[in-house]
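Each chain is listed here by its residues.
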Amino acid sequence: MKVKVINKSRHALPEYETAQSAGLDLRANIDEPIVLGSLERALIPTGLFIELPVGYEAQIRPRSGLAIKYGISLVNSPGTIDSDYRGEIKVIVINLSKEPFTITDGERICQMVISRHERIEWEKTNELEQTIRGAGGFGHTGI
């Protein structure tokens with residue numbers, strides 16, 4: 001699939017790190033370092049603008065390395081970029097650790113996965129088909 005992109009950052013376009021990678025790492029595009037204290041969040045620009053085909057979304061997800069090593073995640077994970085959005089991709093990063101974390105220009109802050117989606121039409125009913133699970137949820141299969 002081809003996706004149109006405008007790159008206003010100082011960095012190369014995102015690339016897949018391995019042949020089977022699902023996500024592309026996005027980089028911070030900032031003029032000066034941003035220090036996030038414990039539980040602080042910031043909106044980090046990437047300098048990227050994309051045009052997705054209709055029927056697709058871009059999901060913005062945390063990077064597992066930043067999460068396990070530094071407690072860095074995304075507030076709205078996964079974030080969704082709709083196919084009709086044309087603004088700059090910006091990422092809401094949060095520091096869930098007790099230590100300050102510094103984001104520098106060019107740092108890989110998240111990953112982006114492109115995914116197909118469907119639109120639904122509601123079909124009102126008074127009954128749903130029964131299943132073995134039924135209404136069980138939120139830990140009903142174990143501790």
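Okay, so let's go over this structure. (Residues numbered from 1 in each chain as written. Predicted model: local features only at pLDDT ≥ 70, side-chain atom pairs only at ≥ 80, totals over all residues. Heavy atoms only, no water.)

Considerations on the environment of Pro45
Positionally, Pro45 belongs in strand β4 (residues 41-45). Separated by 43 residues in the primary sequence, Pro45 and Glu88 have C-alpha atoms spaced 7.2 Å apart. Excluding residues within four positions of it along the chain, Pro45 makes contact with Arg27, Ala28, Asn29, Ile30, Glu88, Ile89 and Lys90. (Helix = DSSP H or I, 4+ residues; strand = E, 2+ residues; numbered from the N terminus. Contact = heavy atoms within 4.5 Å.)

Overview of the environment of Met1
Along the chain, Met1 falls in the segment before β1 (4-7). Since its relative accessible area comes to 61%, Met1 is described here as exposed. (Buried < 20%, exposed > 50% of the residue type's maximum accessible area, 1.4 Å probe, protein only.)

Concerning the packing of aromatic side chains
Following the criterion strictly, the structure yields one aromatic pair and no others. Seen in terms of ring centroids, Tyr70 and Phe101 are 5.2 Å apart; in terms of plane orientation they differ by 45 degrees. Their pairing is tilted. Placement of the pair is Tyr70 in helix α1 (residues 64-70) and Phe101 in strand β10 (residues 101-103), with a sequence separation of 31 residues. Tyr70 sits in the partly exposed class, given a relative accessible area of 43%. Residue Phe101 is classed as buried on the basis of its relative accessible area of 8%. We note Lys8 situated over the ring of Phe49; from NZ or CZ to the ring centre the distance is 5.0 Å. (Phe/Tyr/Trp six-rings, centres within 6.5 Å; stacked < 30°, edge-to-face > 60°. Lys NZ or Arg CZ within 6 Å of the ring centre and 35° of its normal.)

Remarks on the nonpolar core
Counting 24 residues, the largest nonpolar core has Ile44, Ile60, Ile89, Val93, Ile103 and Met112 as the members making the most contacts within it. Ranked by residues supplied to this core, first place goes to strand β11 (residues 108-116) with three residues. Ile89 has contacts with Leu26, Ile44, Pro45, Thr46, Gly47, Leu48, Ile50, Ile60, Ile81 and Met112, leaving out every residue within four places of it along the chain. (Core = buried A, V, L, I, M, F, W, Y, C linked by side-chain atoms within 4.5 Å.)

Here we look at the sheet that holds strand β2 (residues 24-27)
The antiparallel open sheet is built from four strands, whose spatial order is β2-β11-β6-β8. A single partner strand is all that each edge strand has here, and the edge strands are β2 and β8 (79-81). Within this sheet the neighbouring strands show an average axis-to-axis angle of 35 degrees, counted without direction. With four bridges joining them, β2 and β11 adopt antiparallel strand pairing. Bridge pairing in β11 links Asp25 to Gln111. (Pairing = 2+ DSSP bridges. Axes fitted to C-alpha atoms, helices over the stretch in contact; angles between N-to-C directions.)

Quick look at a nonpolar patch on the surface
A cluster of nonpolar residues, Leu43, Val75 and Ile92, forms a patch on the protein surface that exposes about 240 Å² of accessible area. Relative to the assigned elements, Val75 resides in the loop between β7 (72-74) and β8. (Patch = residues over 30% accessible without salt bridge, like charges linked within 9 Å, V, L, I, M, F, W, Y side chains within 5 Å. Areas by Shrake-Rupley, 256 points an atom, 1.4 Å probe, with all protein chains shown as cover. Salt bridge = Lys/Arg side-chain N within 4 Å of Asp/Glu carboxyl O.)

Describing unusual backbone geometry
Following Ser77, the chain continues to Pro78 via a peptide bond in cis, the omega torsion being -5 degrees. Inspection of the secondary structure puts Pro78 in the loop between β7 and β8. With a phi angle near 65 degrees, Leu39 is a residue other than glycine that sits in the positive phi range. Positionally, Leu39 belongs in the loop between β3 (34-36) and β4.

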